[in-house]
Amino acid sequence: MILNLSELSDEPLHAQISRQIRAKILSTDLTGNEPLPSIRSLAREQRVSVITVQRAYDDLEREGLVQS
């Protein structure tokens, strides 16, 4: 999954991840049946901590956009 993250942004990394995934879901770039990358694989791919990705996924789950 291609995400554009910036450590220079005022927005926290987990918020950047959840915002960009939310946009992909709402624009139908991600379909309802398409699974998200695992937390570990996305963290490794984006070079962020597992906790950062977990927070982003938790935000999306609270919003009802993904299910675990």
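The structure displayed is predicted, hence computed values, not measured ones.

What exactly am I supposed to notice about the packing of helix α1 (residues 13–26) against helix α3 (residues 50–62) here?
Angle between the axes and distance between the axes: these two values describe a pair of packed helices. Two elements in contact, α1 and α3, have axes separated by 8 Å at closest approach and are oriented at 45°. Regarding the angle of α1 to α3, the classification is oblique. Handedness of the crossing formed by α1 with α3: right-handed. Contacts between α1 and α3 involve Leu13, His14, Ile17, Ser18, Ile21 and Arg22 on the former and, on the latter, Thr52, Val53, Arg55, Ala56, Tyr57, Asp59 and Leu60. For the contact of α1 with α3, the residue count by class is seven nonpolar, three polar and three charged.

What exactly am I supposed to notice about the nonpolar core here?
Within soluble globular proteins, side chains that are nonpolar tend to cluster in buried spots. Among the nonpolar cores identified, the biggest contains 13 residues, and Ile17, Ile21, Leu42 and Val53 are the most heavily contacted of them. Among the secondary structure elements, those contributing two or more residues to this core are α1, α2 (39–46) and α3. The element contributing the most residues to this core is α3, with four residues. Not counting residues within four places of it along the chain, the set of residues in contact with leucine 42 comprises Leu3, Ile17, Ile21, Pro37, Val53 and Tyr57.

Here is what the cut-offs are and how they apply
Residues numbered from 1 in each chain as written. Predicted model: local features only at pLDDT ≥ 70, side-chain atom pairs only at ≥ 80, totals over all residues. Heavy atoms only, no water. Axes fitted to C-alpha atoms, helices over the stretch in contact; angles between N-to-C directions. Helix = DSSP H or I, 4+ residues; strand = E, 2+ residues; numbered from the N terminus. Parallel < 35°, antiparallel > 145°, perpendicular 65-115°, else oblique. Left-handed = near helix turned anticlockwise from the far one by under 90°. Contact = heavy atoms within 4.5 Å. Nonpolar A, V, L, I, M, F, W, Y, C, P; charged D, E, K, R; others polar. Core = buried A, V, L, I, M, F, W, Y, C linked by side-chain atoms within 4.5 Å. Buried < 20%, exposed > 50% of the residue type's maximum accessible area, 1.4 Å probe, protein only.

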